[in-house]
Amino acid sequence: MKGARKLYVKSFGCQMNVYDSQRMADTLAPEGYVETATAEDADLIVLNTCHIREKAAEKVYSELGRLRRLKEAAAADGRSLLVAVAGCVAQAEGDEIVRRAPAVDLVVGSQNYHRLPDLVAHAARGGRVVDTDFALDDKFDHLAAPSRAATRARGVTAFVTVQEGCDKFCAFCVVPYTRGAESSRPAEKIVTEVERLADAGVREVTLIGQNVNAYHGVGANGRPWRLARLLERLAGMPGIERLRYTTSHPLDMDDDLVAAHRDLPALMPQLHLPVQSGSDRVLAAMNRRHSRADYLDVVARLREARPDLALTSDFIVGFPGETENDFAATLTLVEEVGYAGAFSFKYSPRPGTPGADMSRQLQEAEKSDRLRRLQRVIDQEQAKFSRACVGRTLSVLFERPGRHRGQIVGRSPYLQPVQIQAPPSLIGEIADVTITEVASNSLFGALASPLSSPCKGEVGERGEPGGGLTPPRTAVGGSTLPLPGREKIAGAGA
Ligand code: SAM
Ligand code: SF4
């Protein structure tokens, strides 16, 4: 390893960016870059950006303004600070970033992270670089794997990207343009990566992709494997107690994947299944390629397979042409499905997408009003689930110390944060917790059995991931990662 330099990576947006950020840090580690928690003492700062809504992209430019001042201060101290922009804003805006933000030394698109060591070396010699081609070679073949120490430091849960890009072309969405066409990693490479994680102590893996259930990687037998087959392979791996996947499209929820929710105890009873709208007219205008009835049919099949499944979703309000009746259909859908939580956004027109050119764009005030009304209904549904948890016993994987003295925090099978008073030695273990109280996004409880046998989640017990939970009509508080958030009413998009 070369002489140590400090690397600060800031991730915006989705969990795919969190995963990419870790892999960028792993790839720069052999170049001597050690991660630091603050931008102020860094030698290299990477902003891993999100382009999904206008506000997300604008945040990057305001952050770059701050970094310009930091760079000037470093220069005044005789230090050199390199600033890189990666991710979807980099991919979409390329040269424009260098033009608008003089502090930026290099721009790297989401398919080219394996070239970072060369790009950084070039920038360090004074050249500004923009590399946003869609690389022909698979970046995953070249990105460094994390060291065992790095994996341990990241905790007992991990994301693994299995699929990238999207061919669906929803009329509001930039992903097919910024992340490119759908592509899946070969199954064996994913298996090897998960084996390494398990070996370093990871107990829960979330498979991620922009459209993860469209997964169709080459399997061990040379034939394509769908996501259900991959989950089945990983479910038998020693050390891996829990599996999740996100984010899914309703059209790709095939019978095998539905059956996996019934047949694989390690597959947690929680699913993020975005619907966007409850109105058939709006779904058609969005080019979602499914109706409200199609979606409800998928939900019914899933609940038949796994009655205690916690469902969460994404909603967009104020898509061009959305009437009050269309919006009312979204409100009734939320109640009909009985979601455990949901993300909700005001429509944000994105340049280059069909939605941006549609007539009948809605006023901001109207979007804000609908968002407020939608969030009220989502909150009611979520509160119902949380209240239904009290008195139940859930198996919890403990992940980290809590904010208060003597507290540790874990996740229920439904992905709810659960806080208890217990020693930190329980971190990394799965134990039964009896829920005593709920707050807006967290559950509170106490260990159901004495500390001598804290470890739940052995094969037999995981057959009931709810740990004796009576299957509710819809289950409790689960979500994508992190828990469903909400767009601020005043904002144009989170
Ligand atoms: N692939 C997933 C799917 O099929 O729904 C989600 C991808 S996207 C990264 C996450 C969410 O952002 C979407 O589900 C949608 O609700 C929201 N979103 C995407 N484009 C948006 C836009 N232009 N305005 C507002 N919200 C948007
Ligand atoms: Fe975007 Fe998801 Fe639609 Fe693909 S399926 S275009 S990622 S919203």
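No experiment lies behind these values; they were computed from the predicted model shown. Here the residue numbers are simple positions, counted from 1 along each chain's written sequence. Each chain takes a letter, starting from A, and each ligand takes a number, starting from 1, following the order in which they are written. Where local features are concerned, this predicted model is filtered to residues with pLDDT of at least 70; where side-chain atom pairs are given and counted, the filter is 80 or more; whole-chain, interface and lining totals use all residues. The basis for the side-chain values is all heavy atoms of the structure; hydrogens and waters are excluded.

Visitor: For this particular structure, what's the right way to read the overall build of the protein chain?
Guide: Elements are defined by DSSP. Helices are runs of H or I of four residues or more, strands are runs of E of two residues or more, and each kind is numbered from the N terminus. What the protein chain contains, in helices and strands, is 16 helices and 21 strands. Partly exposed describes any residue whose relative accessible area lies between the buried limit of under 20% and the exposed limit of over 50%, with all areas from a 1.4 Å probe on protein chains only and scaled to the type maximum. Within the protein chain, buried positions represent 58% of all 494 residues. Pairs at least 24 apart in sequence give 75% of the contacts found in the protein chain among residues at least 6 apart. Throughout, the Shrake-Rupley method with a 1.4 Å probe supplies accessible areas, and for residues the shown protein chains are the sole cover considered. Of the roughly 19800 Å² that the protein chain leaves accessible, carbon and sulfur atoms contribute 52%. Residue contacts follow a heavy-atom distance rule, with two residues in contact if any of their heavy atoms lie within 4.5 Å.

Visitor: Sorry if this is basic, but what is going on with the side chain of N112 here?
Guide: Along the chain, the position of N112 falls in the loop between β5 (106-108) and α5 (116-124). Owing to a relative accessible area of 0%, N112 belongs among the buried residues under this scheme. Polar contacts here mean pairs of N or O atoms no more than 3.5 Å apart (in protein, one a potential hydrogen donor and the other a potential acceptor; neighbouring residues in sequence count only if both atoms are side-chain atoms). A distance of 2.9 Å separates polar atoms of two side chains, one belonging to N112 and the other to D131.

Visitor: Please clarify how the site of ligand 1 should be interpreted in this entry.
Guide: We call a residue near a given molecule or strand whenever any one of its heavy atoms falls within 4 Å of it. Close to ligand 1 lie 16 residues, the nearest being F172, Q210, Q276, D314 and S348. Backbone polar atom of F172 to a nitrogen atom of ligand 1: 3.0 Å apart, as the coordinates give it. In the model, an oxygen atom of ligand 1 is placed 2.7 Å from a nitrogen or oxygen of the Q276 side chain. Expressed as a share of its isolated accessible area of 560 Å², the protein-covered part of ligand 1 is 88%. Where the shell around ligand 1 is concerned, the elements lending two or more residues are β15 (310-317) and β16 (341-346). Here the term charged refers only to Asp, Glu, Lys and Arg, the term nonpolar to Ala, Val, Leu, Ile, Met, Phe, Trp, Tyr, Cys and Pro, and the term polar to all other amino acids, Gly among them. Of the residues in the shell around ligand 1, the class split is 6 nonpolar, 5 polar and 5 charged.

Visitor: What's the story with the pairing of strand β7 (residues 157-161) in this structure? I'm lost.
Guide: Sheet faces and side chains relate simply in a regular strand, where the side chains alternate between the two faces. Counting buried positions over the 5 residues of β7 gives 4, a clear majority of the element. A strand pair is defined by DSSP finding two or more bridges across the two strands. Note that β7 and strand β10 (residues 204-208) share 5 bridges and pair parallel. Its bridge partner being in β10, T157 is matched across the sheet by E204.

Visitor: Can you walk me through the confidence of the model for the protein chain in this structure?
Guide: When pLDDT drops low, the exact placement of atoms in the prediction is not to be read closely. The share of residues in the protein chain with pLDDT of 70 or more is 90%, and the mean pLDDT across the chain is 88. Counted against residues more than four places away or in other chains, residues 453-494, with its pLDDT under 50, gives 148 contacts. Within a predicted model, pLDDT stands for the predictor's per-residue confidence, ranging from 0 to 100.

Visitor: Would you take a moment to explain the packing of aromatic side chains for this structure?
Guide: The description of an aromatic ring pair uses the distance of the two centres, along with the angle that the planes make with each other. A pair of aromatic rings is counted whenever rings of Phe, Tyr or Trp (Trp by its six-membered ring) have centres within 6.5 Å, and the orientation is called stacked for planes under 30 degrees apart, edge-to-face for over 60 and tilted otherwise. In the structure shown here, the tally under the stated rule is 5 aromatic pairs. When the centroid spacing of 5.6 Å and the interplanar angle of 80 degrees are considered together, the rings of F315 and Y339 count as edge-to-face. Linking F315 in strand β15 with Y339 in the loop between α14 (324-337) and β16, this pair joins segments that are 24 residues apart in sequence. On the basis of relative accessibility, which here comes to 0%, the residue F315 falls in the buried class. Relative to F345, the ring of F343 lies with its centre 6.3 Å away and its plane at 5 degrees, an arrangement referred to as stacked. Residues F343 and F345 agree in their burial class; the two are buried. An aromatic cluster of three or more residues is present, and its members are F172, F319 and Y347.

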